[in-house]
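Listed here are the chains, written in short residue letters.
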Amino acid sequence: MAQFDALELQVIDEKGHEYIRAREGVSIDDELVRFLRRTHAYELGWVKVEGAKYIRYERIASVAIKRGLDESGPGAPGSNEGPTT
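To keep things clear, this report deals only with the structure shown in the data block. No experiment lies behind these values; they were computed from the predicted model shown. (Residues numbered from 1 in each chain as written. Predicted model: local features only at pLDDT ≥ 70, side-chain atom pairs only at ≥ 80, totals over all residues. Heavy atoms only, no water.)

**Things to note about the sheet that holds strand S1 (residues 3-11)**
Each strand in a sheet pairs with its neighbour through backbone hydrogen bonds, running either in the same direction (parallel) or in the opposite one (antiparallel). Strand order across the open sheet formed by 3 strands is S2-S1-S5, with antiparallel pairing between neighbours. Taken across any chain shown, the strands that pair with only one partner, and hence form the sheet edges, are strand S2 (18-21) and strand S5 (60-70). Direction aside, the axes of adjacent strands within the sheet are offset by 30 degrees on average. Here S1 pairs with S2 via 4 bridges, running antiparallel. Paired with leucine 9 across the two strands is glutamate 18, which belongs to S2. Sheet contacts for helix H1 (residues 28-37): S1, S2 and S5; angle to S5, the most-contacted strand, approximately 165 degrees. (Pairing = 2+ DSSP bridges. Helix = DSSP H or I, 4+ residues; strand = E, 2+ residues; numbered from the N terminus. Axes fitted to C-alpha atoms, helices over the stretch in contact; angles between N-to-C directions. Contact = heavy atoms within 4.5 Å.)

**So, H1**
Because each turn of an α-helix spans 3.6 residues, side chains separated by three or four positions in sequence point in the same direction. When we look at burial in H1, the residues that qualify are Ile28, Glu31 and Phe35. Along the axis of H1, the buried residues cluster in a sector spanning 55 degrees; they form a single face. Away from the buried face of H1 by more than 90 degrees, exposed residues Leu36 and Arg37 are located. Within two residues after H1, arginine 38 carries a phi angle of roughly 55 degrees, on the positive side. (Buried < 20%, exposed > 50% of the residue type's maximum accessible area, 1.4 Å probe, protein only. Arc of directions from axis to C-beta.)

**With respect to the pattern of salt bridges**
All told, the structure shown has 9 salt bridges when counted by the stated rule. Here glutamate 8 ties to lysine 66 by a salt bridge, and the two come within 3.8 Å at their closest N and O atoms. On the criterion of sequence distance, the pair formed by glutamate 8 in strand S1 and lysine 66 in strand S5 is long-range, its members being 58 residues apart. Owing to a relative accessible area of 25%, lysine 66 belongs among the partly exposed residues under this scheme. Here aspartate 29 makes a salt bridge to arginine 67, at a shortest N to O gap of 3.1 Å. One end of the pair, aspartate 29, is in helix H1; the other, arginine 67, is in strand S5, with 38 residues separating them in the sequence. Overall, aspartate 29 belongs to the partly exposed group, its relative accessible area being 40%. (Salt bridge = Lys/Arg side-chain N within 4 Å of Asp/Glu carboxyl O.)

As structure tokens, then:
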């Protein structure tokens, strides 16, 4: 099973988490810096998360780096559960 790193977002008034994978050629650490500085893909008021979903930037309560997420099962983007360890 392929594993990947992603930014895990907690959204105000929503259960579970949303995920943003790093763009190709960008480390997850650099993706976090871009997110926090609101540069590149994060300049607008909406943030694209896994799937075809967008979230308003000001509705994001927290962001964290999650490493080694799986494509399926708990912890997969959109599963609304954290990774199992």
